[in-house]
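What follows is the residue order along each chain.
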Amino acid sequence: MWRQGQNLVRRASPRLIVLPHSSNSSFGIRQIITGSSSSSSPSVSIWRRKKEMGKEGLMVAKELKRLQSNPIRFERFIKSHVSRLLKSDLVAVLAEFQRQDLVSLSMRLYEVVRKEIWYRPDMFFFRDMLFMLARNKSVDEAKKVWDDLKKEGVLFDQHTFGDLVRAFLDGGLPSEAMHIYDEMRRSPDPPMSLPYRVILKGLLTYPELREKVKDDFLELFPDIVVYDPPEDLFDEEEWRKESDDD
């Protein structure tokens, strides 16, 4: 009976994988929190579960938006009400601010979450923040979040790396995208072809950067063909746009 109980506890707990330090990387010790694919499993990251906001969460979200122009009252409300929210409500409020692209409010809630006693570093938490910041071209905030995740030893998997690079490219931030790409190249995770394909597609409007990534791709996957669009593809698209404007 005791042994069965221990097995149940192990299955219900998130798995923490700690990877050794790599001399080619600036992350140091890295960790990935993983879980089963079932959304009802307690081992699934709270940041991947469906986020439903309760009445108190709705009230807090509305009041934070109203008070953000008054820093003193805003901070008082954070201390008096936000700090009392249930974990699920706090997570839901942050997710709603991210959905609405409210950068300032999302960053403030981001800081609140990281001070909670239940907080644990989680790649999905940082991923969602970076996606929102990329959409809004918030470079300074993205750098801060990136520095935080490195300090906390969080490692993105290869697919998430690829999606993040693509998000920053789509946001018109190629320098930041290539910084993340360089981190991806230094990751101890084995490279996968699909993330590289996602990045190469996002680099179609950045031909010089695309050639660099293409060279890396062909070195890693010499047996896979890379599709190159016709050279006049973008000239044709620009011509169509001008014709539509006329």
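Rules behind the numbers
- Residues numbered from 1 in each chain as written.
- Predicted model: local features only at pLDDT ≥ 70, side-chain atom pairs only at ≥ 80, totals over all residues.
- Heavy atoms only, no water.
- Helix = DSSP H or I, 4+ residues; strand = E, 2+ residues; numbered from the N terminus.
- Contact = heavy atoms within 4.5 Å.
- Areas by Shrake-Rupley, 256 points an atom, 1.4 Å probe, with all protein chains shown as cover.
- UniProt positions renumbered as here; feature names shortened; annotations may be inferred.
- Core = buried A, V, L, I, M, F, W, Y, C linked by side-chain atoms within 4.5 Å.
- Buried < 20%, exposed > 50% of the residue type's maximum accessible area, 1.4 Å probe, protein only.
- Domains from an automatic or database assignment.
- pLDDT = per-residue confidence, 0-100.
- Phe/Tyr/Trp six-rings, centres within 6.5 Å; stacked < 30°, edge-to-face > 60°.
- Salt bridge = Lys/Arg side-chain N within 4 Å of Asp/Glu carboxyl O.
- Expected span 1.5 Å × (residues − 1).
- Polar contact = N/O pair within 3.5 Å; in protein donor to acceptor, adjacent residues only side chain to side chain.

Caption draft 1: Region of interest: the overall build of the protein. Within the protein, the regular secondary structure consists of 12 helices and 2 strands. Along the protein, from the amino end to the carboxyl end, the secondary structure elements read α-β-β-α-α-α-α-α-α-α-α-α-α-α. Partitioning the contacts of the protein with sequence separation of at least 6, the portion at a separation of at least 24 is 61%. For the protein, the exposed area adds up to about 14600 Å²; of that, 53% sits on carbon and sulfur atoms.

Caption draft 2: View of the UniProt feature "repeat: PPR" (unreviewed entry) in the protein. Per the UniProt record, "repeat: PPR" (unreviewed entry) is annotated on residues 122-156 and 157-191. Along residues 122-156 one finds 74% helix and 0% strand; the C-alpha atoms at either end are 9 Å apart. Annotated as residues 157-191, this span is 74% helix and 0% strand, and its ends, taken at the C-alpha atoms, are 10 Å apart.

Caption draft 3: The arrangement of the environment of Lys51 in detail. Within the fold, Lys51 resides in the loop between strand E2 (30-34) and helix H2 (55-67). The sequence separation of Lys51 and Asp89 amounts to 38 residues, and the corresponding C-alpha distance is 8.0 Å. The contact partners of Lys51, leaving out residues within four places of it in the chain, are Ile46, Val91, Ala92 and Ala95.

Caption draft 4: Inspection of the nonpolar core at higher detail. Within the largest apolar cluster, 60 residues are counted, with the highest numbers of intra-cluster contacts made by Leu64, Val82, Phe126, Leu130 and Phe156. Looking at this core element by element, the count peaks at 9 residues for helix H6 (residues 123-135). The residues that make up this core include at least three from each of domain 1 (48-119) and domain 2 (120-228). With residues near it in sequence (within four places) discarded, Leu130 still touches Ala142, Val145, Trp146, Leu149, Phe156, Leu164 and Phe168.

Caption draft 5: Spatial organisation of the confidence of the model for the protein. A residue-level look at the protein finds 76% of positions with pLDDT of 70 or above and a mean pLDDT of 81. Low pLDDT (under 50) marks residues 235-244, which in the prediction has 0 contacts with non-local residues, meaning those over four places away or in another chain.

Caption draft 6: View of unusual backbone geometry. Positive phi outside glycine occurs at Asp101, with the angle close to 60°. As for its placement among the helices and strands, Asp101 is situated in the loop between helix H4 (87-99) and helix H5 (103-114). Look at Lys137: it is not a glycine, yet its phi comes out positive at around 55°. Its location among the elements puts Lys137 in the loop between H6 and helix H7 (139-151).

Caption draft 7: How the structure looks around the packing of aromatic side chains. Scanning all chains against the criterion turns up 11 aromatic pairs. Each ring, one from Tyr181 and one from Tyr196, has its centre 6.1 Å from the other, and the planes form 85°; the classification is edge-to-face. Of this pair, Tyr181 sits in helix H9 (residues 174-186) while Tyr196 sits in helix H10 (residues 193-202); the two residues are 15 residues apart in sequence, bridging distant segments of the chain. What makes Tyr181 buried here is its relative accessible area of 0%. Arranged with centres 6.0 Å apart and planes meeting at 70°, the rings of Tyr196 and Phe221 form a pair that is edge-to-face.

Caption draft 8: Representation of the pattern of salt bridges in the model. The full count for this structure, using the stated rule, is 16 salt bridges. Between Asp101 and Arg135 there is a salt bridge whose closest N-O contact spans 2.9 Å. Of the two residues, Asp101 is situated in the loop between H4 and H5 and Arg135 in helix H6; the sequence distance between them amounts to 34 residues. The salt bridge partner of Lys212 is Asp182, with a shortest N-O separation of 4.0 Å. Separated by 30 residues along the polypeptide, Lys212 in helix H11 (residues 207-220) and Asp182 in helix H9 bring together distant segments of the chain. According to the relative accessible area criterion, Asp182 is partly exposed, its value standing at 32%. Each of Glu111, Arg114, Lys144, Asp148 and Glu152 takes part in salt bridges that share partners, so that together they form one network.

Caption draft 9: A look at the environment of Arg73. With respect to the secondary-structure elements, Arg73 resides in helix H3 (residues 71-80). Owing to a relative accessible area of 41%, Arg73 belongs among the partly exposed residues under this scheme. With sequence-adjacent residues up to four places away left out, Arg73 is seen in contact with Arg66 and Leu67.

Caption draft 10: Spotlight on H6. The end-to-end C-alpha distance of H6, which contains 13 residues, comes to 18 Å, matching closely the 18 Å that a straight helix rising 1.5 Å per residue would cover. Of all 13 residues in H6, 10 are buried; the element is thus mostly enclosed. Sitting at the amino-terminal end of H6 is Asp122, which places a side-chain oxygen 2.8 Å from the backbone nitrogen of Phe124. Positive backbone phi, approximately 55°, marks Lys137, located one or two places after H6.

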